[in-house]
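Now for the letters of each chain:
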Amino acid sequence: MASQSTSVEFLPGLLDGLERLEARWIAPPRNPLLRLPHVLTGGLRMTIARWRMRVEVQRSMRRAPDQRFGIDGGARGAAREGGANLCA
């Protein structure tokens, strides 16, 4: 993916997240013994990869307004990410 795009300035971190998903779910293993199970589980892995990519894009879209203005999201971002309550 990185070789296909030279500059992505919107949604920073999205390309890195998608590359991690691609490496984990789509890229073939280097071990020859694991390649047969890799081929046999192709449909399941593609379904999981598409689902995880959709989740990654949705997270990036939710974080985009906070990153656009250079803020970290404050209490709203911490609550959304499962952080502690900042008011306590």
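It should be emphasised that the depicted structure is a prediction, and the values quoted were computed from it without experimental measurement. (Residues numbered from 1 in each chain as written. Predicted model: local features only at pLDDT ≥ 70, side-chain atom pairs only at ≥ 80, totals over all residues. Heavy atoms only, no water.)

Notes on the overall build of the chain
And then number 1: The secondary structure content of the chain amounts to 4 helices and 0 strands.
And then number 2: Helices and strands in the chain line up, N terminus first, as α-α-α-α.
And then number 3: Counting across all 88 residues of the chain, residues that qualify as buried make up 20%.
And then number 4: Pairs at least 24 apart in sequence give 35% of the contacts found in the chain among residues at least 6 apart.
And then number 5: If you sum the accessible surface of the chain, you get close to 7,000 Å²; carbon and sulfur atoms cover 60% of it. (Helix = DSSP H or I, 4+ residues; strand = E, 2+ residues; numbered from the N terminus. Buried < 20%, exposed > 50% of the residue type's maximum accessible area, 1.4 Å probe, protein only. Contact = heavy atoms within 4.5 Å. Areas by Shrake-Rupley, 256 points an atom, 1.4 Å probe, with all protein chains shown as cover.)

Considering the confidence of the model for the chain
And then number 1: The predicted model of the chain has a mean per-residue pLDDT of 75, with 61% of residues at 70 or higher.
And then number 2: The least confident element of the chain, judged by mean pLDDT, is helix H4 (residues 74-80) at 51; the most confident is helix H2 (residues 32-40) at 91.
And then number 3: Contacts for the low-pLDDT stretch residues 84-88, under 50 throughout, to residues beyond four places or in other chains number 4 contacts. (pLDDT = per-residue confidence, 0-100.)

Describing the packing of aromatic side chains
And then number 1: If you walk through the whole model with that rule in mind, you get 0 aromatic pairs.
And then number 2: Directly above the ring of Trp51 sits Arg52, whose terminal nitrogen or CZ lies 5.3 Å from the centroid. (Phe/Tyr/Trp six-rings, centres within 6.5 Å; stacked < 30°, edge-to-face > 60°. Lys NZ or Arg CZ within 6 Å of the ring centre and 35° of its normal.)

With respect to the side chain of Arg45
And then number 1: Position of Arg45 among the secondary structure elements: in helix H3 (residues 42-68).
And then number 2: Nearest to the buried, unbridged Arg45 among oppositely charged side chains is Glu22, at 11 Å.
And then number 3: Once you skip the residues sitting within four places of it in the chain, Arg45 turns out to touch Trp25, Ile26 and His38. (Lys, Arg positive; Asp, Glu negative; His and termini not counted. Salt bridge = Lys/Arg side-chain N within 4 Å of Asp/Glu carboxyl O.)

Focus: the environment of Leu44
And then number 1: Inspection of the secondary structure puts Leu44 in helix H3.
And then number 2: When the C-alpha positions of Leu44 and Trp25 are compared, they lie 9.6 Å apart, and in sequence the two are 19 residues distant.

A closer look at helix H1 (residues 14-26)
And then number 1: The terminal C-alpha atoms of H1 lie 17 Å apart, and with 13 residues this matches the ideal 18 Å at 1.5 Å per residue to within 8%.
And then number 2: For H1, every residue scored as buried is listed here: Leu14, Gly17, Leu18 and Leu21. All buried residues of H1 lie within an arc of 95° about the axis, which places them on one face of the element. Exposed residues pointing more than 90 degrees away from the buried face of H1 are listed as Arg20 and Ala23. (Expected span 1.5 Å × (residues − 1). Arc of directions from axis to C-beta.)

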